[in-house]
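Structural overview for review
Letter by letter, the chains look like this.
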Amino acid sequence: MNGILEATNIDKFIALTPLMRLGNNRKRRDEMMVYFRHIVLKMLHDEGILSTFEKPISIEDAAKKSGWEYPSDYVDMFVSILANDKVLKRSAGVMGNEYSLSSGFKLAEKDPVVHHFEDFDVTYAEYVKNIPARLKGVSQEFTGTISLFNWDSALASQLYQAVRDSAFAFIDKKWLRNAKLLDAGCGPGYETADMWVKLAGMNAEITAIEPDEGLIKIAEADFTRNVKKAGLDIDPNAKDVKLPTFHQGTVEKLEFDDNTFDAVYFSNILHWTPDPPSAIKEIVRVIKPGGMLFGAQSGTETTNPYMNLVTRTIKNTYGFFSRQDFTKWMIAAGIKFFKTATIVNTFKGFKRG
Ligand SMILES: C[S@@+](CC[C@H](N)C(=O)[O-])C[C@H]1O[C@@H](n2cnc3c(N)ncnc32)[C@H](O)[C@@H]1O
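1. Concerning the overall build of the chain
If you tally the helices and strands in the chain, you get 14 helices and nine strands. Expected size for 353 residues packed as a compact globule is a radius of gyration near 20 Å; at 22 Å, the chain falls within 12% of this value. Dimensions of the chain, computed from the C-alpha atoms along their principal axes, are close to 75 × 45 × 35 Å. Split into buried and exposed, the 353 residues of the chain put 41% on the buried side.

Okay, here's the thing in structure tokens:
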């Protein structure tokens, strides 16, 4: 037994149903691919970065000419994404590979129309501007170069709501009765409030953590408002109400004892961490033996390489990884019965022991 269980088709369908509310998921993914490619290439064109490759040039010389930090895995990834996408043509030069703009490459004249992203596109369009500095070795804080407002509104979107609904549909919610639950990387707290509403009357106790100071403050300050929006009134003085607690912190180093939580939930945080396999180990450490880990984590199967380029402009970010690596790391960290489903990698598993 390798700890992996193939989700049944019924399980997969149940997890997919909330995402179907958003429309055709594949169409949405394809639209995202076109969008990210376009906004990155447009920026590279407008900033004169593509013109570095007007004549065949090695990566080292391109870096020297443009003031990029090199050697750098970011610059290597940057060039290989452009070459794989045939924006650049690879040829053998005297000293090794050289790259030049492909004769067939032409930037689309009009920006692609984005139908499905709500504010996610705006958030990422801001991050794209970080690429020139990142090539020079300067990375940014998660909310440093964009307003908190962008993330706040993107995460309020139906997309993230549907992701949570999918994660909860994939598990047996009764399992969370009386549970101590960690919400890891809660962002501005829509997630925490939504989980609290989902678990109302089940005596669950939620602890939420988030590294970004601005976001965790919003999460705590807006909790009651977010719950009210979801249609529940809270009386904080009522004896049977357990309000979540909010703490600033990262999943690389959780300030909790081993075996503290019955369950941990996270959604789309691992690609922002420096080392996802270690982060998973640390998360598993705080789960009680037999406890549950669930949530969603989009992988390279549904994210565009250009989106990875943008993500990795942020300090200490690993970027996206495959579903296969995700599964391998979960098993190595001591998770059994690990199952994934859906285009956003809805997942669940249990700690061994
Ligand atoms: C795309 S947002 C998702 C927020 C929330 N999970 C949701 O789905 O609404 C990614 C979140 O991961 C958080 N994050 C980044 N690095 C992290 C880390 N090392 N540990 C925990 N969370 C992290 C970010 O601050 C951000 O709030």
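2. Quick look at the domain arrangement of the chain
Segmenting the chain into domains produces domain 1 (9-23 + 154-304 + 316-351) and domain 2 (30-151). The straight-line distance from the C-alpha centre of domain 1 to that of domain 2 is 32 Å. Contacts between the two partners involve 15 residues from domain 1 and, on the opposite side, 14 residues from domain 2. The dominant element in the side of domain 1 that touches domain 2, judged by the number of residues it contributes, is helix α10 (residues 213-221), at three residues. Class assignment for the residues of the side of domain 1 that touches domain 2 results in eight nonpolar, six polar and one charged.

3. A closer look at the site of the ligand
Within the structure, the ligand sits among 21 residues, and G185, G187, S267, I269 and W272 are positioned closest to it. Tallied by class, residues from the shell around the ligand come to 11 nonpolar, six polar and four charged.

4. With respect to the nonpolar core
A184, V264, Y265, I283 and F294 are the most contacted members of the largest nonpolar core, which totals 65 residues. Top element by residues in this core is helix α8 (residues 158-170). It accounts for six residues. Contact partners of V264, with chain neighbours within four places excluded, come to L182, A184, I283, V286, I287 and L293. One finds F36, Y74, L82 and Y124 within the second-largest nonpolar core, a separate group that totals 30 residues.

5. Describing the pairing of strand β3 (residues 180-184)
Here β3 lies mainly inside the structure; four of its five residues are buried. With helix α9 (residues 190-198) bridging β3 and its parallel neighbour strand β4 (residues 205-210), the resulting β-α-β unit is right-handed. Direction of pairing for β3 relative to strand β6 (residues 261-267): parallel, over a ladder of four bridges. Looking at the pairing, A184 lines up with F266 of β6.

6. Section: the sheet that holds β4
The strands making up a sheet are joined through hydrogen bonds of the backbone, oriented either antiparallel or parallel. Strand order in the open sheet formed by seven strands is β5-β4-β3-β6-β7-β9-β8, and the pairing between neighbours is mixed. Edge positions in the sheet fall to β5 (245-248) and β8 (335-341), since each has one partner strand and no second. Put simply, the sheet's adjacent strands are angled 15° from each other on average, direction ignored. The sheet contacts of α8 involve β6, β7 (287-296), β8 and β9 (346-351), and relative to β7 the element is tilted by about 140°. On the sheet, helix α12 (residues 276-285) packs against β3, β6, β7, β8 and β9 and is oriented at approximately 130° with respect to β7.

7. Examining the packing of helix α1 (residues 9-20) against α8
Contact geometry for α1 and α8: axes closest at 7 Å, N-to-C directions at 155°. Put simply, α1 runs roughly antiparallel to α8. Considering only the axes of α1 and α8, their crossing is right-handed. Between α1, through D11, I14, A15, T17, P18 and L19, and α8, the contact on the second element is made entirely by A162, D165, S166, A169 and F170. Taken together, the residues that form the contact of α1 with α8 break down as seven nonpolar, two polar and two charged.

8. Digging into helix α14 (residues 323-332)
Among the residues of α14, those classed as buried are F326, T327, W329 and M330. Down the axis, α14 shows its buried residues gathered within 165° of arc, on one side only. Close packing links the buried residues of α14 with α12, β8 and β9. A positive backbone phi angle near 100° is found at G334, which sits one or two residues after α14.

9. Some words on the packing of α8 against α9
One can describe the packing of α8 onto α9 by two numbers: an axis separation of 11 Å at closest approach and a directional angle of 40°. Between α8 and α9, the angle is such that the two are oblique. Here the hand of the crossing between α8 and α9 comes out right-handed. Taken together, the residues of α9 that come into contact with α8 (itself represented by Y160, Q161, R164 and F168) are Y190, E191, D194 and K198. Taken together, the residues of the contact of α8 with α9 break down into three nonpolar, one polar and four charged.

Basis of the calculations
- Residues numbered from 1 in each chain as written.
- Predicted model: local features only at pLDDT ≥ 70, side-chain atom pairs only at ≥ 80, totals over all residues.
- Helix = DSSP H or I, 4+ residues; strand = E, 2+ residues; numbered from the N terminus.
- Rg over C-alpha atoms; globule rule 2.2 N^0.38 Å.
- Buried ≥ 20, exposed ≤ 12 C-beta atoms within 10 Å, placed from the backbone.
- Domains from an automatic or database assignment.
- Contact = placed C-beta atoms within 7 Å.
- Nonpolar A, V, L, I, M, F, W, Y, C, P; charged D, E, K, R; others polar.
- Near = placed C-beta within 6 Å.
- Core = buried A, V, L, I, M, F, W, Y, C linked by C-beta atoms within 7 Å.
- Right-handed = clockwise from strand over helix to strand, strands pointing away.
- Pairing = 2+ DSSP bridges.
- Axes fitted to C-alpha atoms, helices over the stretch in contact; angles between N-to-C directions.
- Parallel < 35°, antiparallel > 145°, perpendicular 65-115°, else oblique.
- Left-handed = near helix turned anticlockwise from the far one by under 90°.
- Arc of directions from axis to C-beta.

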